[in-house]
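These are the residues of each chain, in order.
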Amino acid sequence: MKCCNPTETLKNENIVVEGEAKEGLEKIVLVGTPNVGKSVLFNRLTRSYVTVSNYPGTTVEVSRGKGVLGDREYEIVDTPGMYSFMCITEEEKVTKRLLFNEKPEVVLHVIDAKNLERMLPLTFQLIESGLPVILVLNIMDEAKRLGLKIDIEKLEEQLGIPVVSTTAALNKGVDILRERIDKYVNAA
Ligand SMILES: Nc1nc2c(ncn2[C@@H]2O[C@H](COP(=O)(O)OP(=O)(O)OP(=O)(O)O)[C@@H](O)[C@H]2O)c(=O)[nH]1
Ligand SMILES: [Mg+2]
């Protein structure tokens, strides 16, 4: 399947709200394919009341909560699974709209570390779209069990973005992720 330029698609769909002012707390949005642990990580990062509501004009549910990282409070947003910016499903369209209209401070692309190569194309699409991406290699427990070795420093160098490994189910690596997000935001 030929892949389109995601930014171009956005322009065509006329869903970028130019000059839209940011309101409320800065946002951290979790994105990624289904079943990679986005919601588990969302629960780790949010400590207060969480709201689940339909994205405006759709039946797609989006969860929002608050979380403190460093000395700042953020709105953390959990999105439904998406495979690409090609926008085939309603969930993918909603995630794409949300990413560009809500102007997140950080986008956490959560992937299953066991399927790194299969999941990196979406990382590239997110980076190419100019989004502030941090790559989260989740489910590291299973990747390690399979004997997979991932050179995180090299990956960071090649992608030019921060890369953090986590086992969200066991709350491992989540504190380091918090620190990296804080550092990333403060360096911006
Ligand atoms: N072994 C292992 N399992 C994990 C880890 N993180 C999440 N899981 C499991 O992976 C499954 C999917 O987790 P979810 O958080 O629902 O995944 P999701 O990305 O939100 O999925 P969608 O909402 O369908 O897009 C659950 O059974 C989790 O318990 C991890 O670090 N290690
Ligand atoms: Mg989920």
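Below is a short write-up of the structure. (Residues numbered from 1 in each chain as written. Chains lettered and ligands numbered in written order. Predicted model: local features only at pLDDT ≥ 70, side-chain atom pairs only at ≥ 80, totals over all residues. Heavy atoms only, no water.)

## Section: the pattern of salt bridges
Part 1 of the argument: What the rule picks out here adds up to nine salt bridges.
Part 2 of the argument: Between Asp112 and Lys114 there is a salt bridge; the shortest N-O distance is 2.9 Å.
Part 3 of the argument: On the basis of relative accessible area, Asp112 is assigned to the buried category, the value being 7%.
Part 4 of the argument: The network of salt bridges with common partners includes Lys27, Arg64, Glu75 and Glu102. (Salt bridge = Lys/Arg side-chain N within 4 Å of Asp/Glu carboxyl O. Buried < 20%, exposed > 50% of the residue type's maximum accessible area, 1.4 Å probe, protein only.)

## Let's talk about the environment of Leu116
Part 1 of the argument: Among the secondary structure elements, Leu116 is positioned in helix α4 (residues 116-128).
Part 2 of the argument: Measuring from C-alpha to C-alpha, the distance between Leu116 and Ile150 comes to 9.0 Å, with 34 residues separating the pair along the chain.
Part 3 of the argument: When neighbours within four sequence positions are excluded, Leu116 is seen to be in contact with Ile111, Leu137, Ile150 and Leu155. (Helix = DSSP H or I, 4+ residues; strand = E, 2+ residues; numbered from the N terminus. Contact = heavy atoms within 4.5 Å.)

## Topic: unusual backbone geometry
Part 1 of the argument: The phi angle at Lys103 is positive, at roughly 45°, despite the residue not being glycine.
Part 2 of the argument: Mapped onto the fold, Lys103 is located in the loop between α3 (90-101) and β5 (106-112).
Part 3 of the argument: At Ile139, a position not held by glycine, the phi torsion is positive, near 60°.
Part 4 of the argument: Its place among the elements puts Ile139 in the loop between β6 (133-138) and α5 (140-145).

## Notes on the site of ligand 1
Part 1 of the argument: Of all residues adjacent to ligand 1, which total 16 residues, the nearest are Asn35, Lys38, Ser39, Val40 and Asp141.
Part 2 of the argument: At 3.3 Å from an oxygen atom of ligand 1 is found a main-chain nitrogen or oxygen belonging to Gly81.
Part 3 of the argument: At 3.4 Å, a backbone N or O of Ala169 approaches an oxygen atom of ligand 1.
Part 4 of the argument: Starting from 660 Å² of accessible surface for ligand 1 in isolation, the protein chains cover 68%.
Part 5 of the argument: Listed by contribution, the elements that provide at least two residues to the shell around ligand 1 are α2 (38-45) and α5.
Part 6 of the argument: A per-element tally of the shell around ligand 1 places α2 first, with three residues.
Part 7 of the argument: Its residues placed into classes, the shell around ligand 1 shows six nonpolar, seven polar and three charged. (Near = heavy atom within 4 Å. Polar contact = N/O pair within 3.5 Å; in protein donor to acceptor, adjacent residues only side chain to side chain. Areas by Shrake-Rupley, 256 points an atom, 1.4 Å probe, with all protein chains shown as cover. Nonpolar A, V, L, I, M, F, W, Y, C, P; charged D, E, K, R; others polar.)

## Quick look at the side chain of Asn138
Part 1 of the argument: Following the sequence through the fold, Asn138 ends up in strand β6.
Part 2 of the argument: Polar contacts involving the side chain of Asn138 include one to the side chain of Thr166, which spans 2.9 Å.
Part 3 of the argument: With sequence-adjacent residues up to four places away left out, Asn138 is seen in contact with Val36, Gly37, Val110, Ile111, Asp112, Ala113, Thr166, Thr167 and Ala168.

## Quick look at the nonpolar core
A general trend in soluble globular proteins is that nonpolar side chains are found buried together.
Part 1 of the argument: Of all hydrophobic cores here, the largest spans 50 residues; its most connected members are Leu41, Leu99, Leu108, Leu135, Leu137 and Ile181.
Part 2 of the argument: Beyond its immediate sequence surroundings of up to four residues, Ile181 is in contact with Ile28, Leu69, Val106, Leu108 and Ile134. (Core = buried A, V, L, I, M, F, W, Y, C linked by side-chain atoms within 4.5 Å.)

## Let's talk about α3
Since the α-helix turns once every 3.6 residues, residues separated by three or four places project in the same direction.
Part 1 of the argument: Over its twelve residues, α3 extends 16 Å from the first C-alpha to the last, a length consistent with the 16 Å expected when each residue adds 1.5 Å.
Part 2 of the argument: Burial in α3 covers these residues: Glu92, Val94, Thr95, Lys96, Leu98, Leu99, Phe100 and Asn101.
Part 3 of the argument: Looking at the residues trailing α3, positive phi occurs at Lys103, about 45°. (Expected span 1.5 Å × (residues − 1).)

## Brief notes about the sheet that holds strand β4 (residues 72-78)
Part 1 of the argument: Pairing is mixed across the open sheet formed by seven strands, whose spatial order is β2-β3-β4-β1-β5-β6-β7. Lying at the two open borders of the sheet, with one neighbouring strand each, are β2 (51-54) and β7 (163-165). Across this sheet, the average inter-strand angle for adjacent strands is 25°, counted without regard to direction.
Part 2 of the argument: Here β2 pairs with strand β3 (residues 61-69) via four bridges, running antiparallel. (Pairing = 2+ DSSP bridges. Axes fitted to C-alpha atoms, helices over the stretch in contact; angles between N-to-C directions.)

## Digging into the pairing of β3
Part 1 of the argument: Hairpin remark: β2 followed by β3, antiparallel, with six residues in the connecting loop; positive phi at Gly57, about 80°.
Part 2 of the argument: Bridge count between β3 and β4: seven bridges; the pairing is antiparallel. Note that in β4 the partner of Leu69 across the bridge is Arg72.
Part 3 of the argument: Linking β3 back to β4 in an antiparallel pair, the connection comprises two residues, with Gly70 at a positive phi of about 60°.

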